[in-house]
Amino acid sequence: MKILHYMFGIPPVRGGGLVRYALDLMVQEMQMGETVVLLIPGRIPKDADSPVKIIKRKQAVQQIPTYVIYHPLPIPMCHGILETGAFTKKCDGMVYSCFLQNIRPDVIHIHTFMGLHREFLEEAEKLKIPVVFTTHDYFGICPTANMMFVDSICEDSEWKQCELCSKHAYTMKKMRIEQSGIYRFYRKNRHLTDLFHKGIFRNCFSQIRAHAVLDGHMLEQAAPKQLRPERIACSGLKADSYLRADSDWKDYTTLRNYYKEMFEKISRFHYNSKLSRDIYRARLLKTAGTVIPVTHSGISDHRKIRSYGKKLRLGYLGGRVKQKGFFMLLHVCRELYQAGCRQMELHVYADAAQEKEAFLFCHDKCSEGEIADVFAAIDILIVPSIWPETFGLVVTEALSYGVPVLVSERVGAKELLEQHPGCGILYDGTEEGLKSALLELYQNRSRLVNMNHCIQNISISFSYTEHVKSMLELYRTCIQDLYTGLV
């Protein structure tokens, strides 16, 4: 079987869970005898009339033949979209038609719509090539990809509120820089990145600094404070007062319809959780697919009986961002500490520390080689996301080391706790729920022992090979459906 994968880029320019998952999947598919090809977006030229081209990359990515789209659509990441017209530009579909006829894939696996023209899917449909789409995030049904409005899940299916959430979106100039050759050079050169952190090249890279992803965190230009959703929530103002007039948000209607038409050309969805499946099904009409929880090649079975001391050591692995629930967790821990819970530590493995608290221990963001030491240093992992996180691989990682987890019900990986309820604590995703769960755990440490024993005894597979077999079976189902006329 020949599989063509599409994603929004490769390391070191792009990173995160999506890139890790897609690359691991491609490598394992090749090791299992399949033929794999990768397509990624490349540079956006200054000349808007430059034709779209597809060029084979001189260097393969992990031995995967790689092709690059010259003049792709912009890549907004998770910052939203303001210049909506730039994301719906048409191109000559024959470029994609010739490429697909040359590659001749049996199936296409799309990991995101970012950077991809609608014409790609139109030509794939004409050539009767089935397409699988993985729901890594919500881009395509939400311009910011996180389905959040202020502090709750967005219910705006008409995209009337999208400008408010996109006030800090990248400009075309910034997106062009991030997709440029000089930016790729900058990201590849670790020495330059280190010098940047020391302040030596800050002025030279002022344009890049505004939006660069450095060591996994965003150094974005701040939106006007009065327009940020969190400022609206804190001020008590009504978000409705910031919405555009009907005559002004029609561009978002066009954008929404553009992605809607792209989704209609997907043969089958790969839902990484029931949570993401339900959200997609609430927004789209054609949603046939299968729920297959994601994993990666670095996860294997390291479960063991753990011992616990006097201190309750909480662990948080993730960005210092609101949607991940970091600030809510910090606030709850501060309140508990001030209320007398002094035998408690919060260990944060994230970006550069900014907060100073007696209970807070800040560590650098951990590498894969350090993950065992991280889980050995904590008693329970906290995943307090307030956005509807499509999965949350860190939950699987924790369980693979025998570490109990405390998880918000807004995390797709909560299904692991629903299947194995004794392995962790599931709470309602609110600040009050988190505080109550942590206080109960603090007062009853024996629960840690019970959860750890439960993790040892459950029947759970951490086999990456089994996951890839499930994905290959999904591909075969798509191909079979095409031949039997079901798609």
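Residues numbered from 1 in each chain as written. Predicted model: local features only at pLDDT ≥ 70, side-chain atom pairs only at ≥ 80, totals over all residues. Heavy atoms only, no water.

**With respect to the side chain of Ser 385**
Here comes step 1: Among the secondary structure elements, Ser 385 is positioned in the loop between β16 (380–383) and α14 (393–400).
Here comes step 2: For Ser 385, a relative accessible area of 1% gives the class buried.
Here comes step 3: Side-chain polar atoms of Ser 385 contact the side chain of Glu 389, separated by 2.5 Å.
Here comes step 4: Each residue touching Ser 385, except ones within four places of it in the same chain, is listed here: Gln 323, Lys 324, Gly 325, Ser 408, Arg 410 and Val 411. (Helix = DSSP H or I, 4+ residues; strand = E, 2+ residues; numbered from the N terminus. Buried < 20%, exposed > 50% of the residue type's maximum accessible area, 1.4 Å probe, protein only. Polar contact = N/O pair within 3.5 Å; in protein donor to acceptor, adjacent residues only side chain to side chain. Contact = heavy atoms within 4.5 Å.)

**Topic: the packing of aromatic side chains**
Here comes step 1: With the rule as written, the count across this model stands at 21 aromatic pairs.
Here comes step 2: Considering the side-chain rings of Phe 375 and Tyr 401, the 5.4 Å spacing of their centres and the 25° angle between planes classify their relative orientation as stacked. Separated by 26 residues along the polypeptide, Phe 375 in helix α13 (residues 371–376) and Tyr 401 in the loop between α14 and β17 (405–408) bring together distant segments of the chain.
Here comes step 3: The class for Tyr 401 is buried, based on a relative accessible area of 15%.
Here comes step 4: Here the guanidinium or amino end of Arg 342 rests over the ring plane of Tyr 337, the centre of that ring lying 4.4 Å away.
Here comes step 5: The ring of Tyr 442 carries the charged tip of Arg 445 above its face, separated from the ring centre by 4.6 Å. (Phe/Tyr/Trp six-rings, centres within 6.5 Å; stacked < 30°, edge-to-face > 60°. Lys NZ or Arg CZ within 6 Å of the ring centre and 35° of its normal.)

**A closer look at the confidence of the model for the chain**
Segments scoring low in pLDDT should not have their predicted coordinates read at a detailed level.
Here comes step 1: Predicted confidence across the chain gives a mean pLDDT of 88, with 86% of residues reaching 70 or more.
Here comes step 2: Note on residues 204–249: pLDDT is under 50 here. Beyond four places in sequence and across chains, it has 86 contacts. (pLDDT = per-residue confidence, 0-100.)

**A few points about the packing of helix α1 (residues 17–31) against helix α18 (residues 464–483)**
Here comes step 1: Interaxial distance between α1 and α18 falls to 10 Å at its minimum, and their mutual angle equals 85°. Classified by the interaxial angle, the pair formed by α1 and α18 is roughly perpendicular. Judged by residue contacts, Tyr 21, Asp 24, Leu 25, Gln 28 and Glu 29 of α1 engage Tyr 464, Thr 465, His 467, Val 468, Met 471, Leu 472 and Tyr 475 from α18.
Here comes step 2: Here the residues of the contact of α1 with α18 sort into seven nonpolar, three polar and two charged. (Axes fitted to C-alpha atoms, helices over the stretch in contact; angles between N-to-C directions. Parallel < 35°, antiparallel > 145°, perpendicular 65-115°, else oblique. Nonpolar A, V, L, I, M, F, W, Y, C, P; charged D, E, K, R; others polar.)

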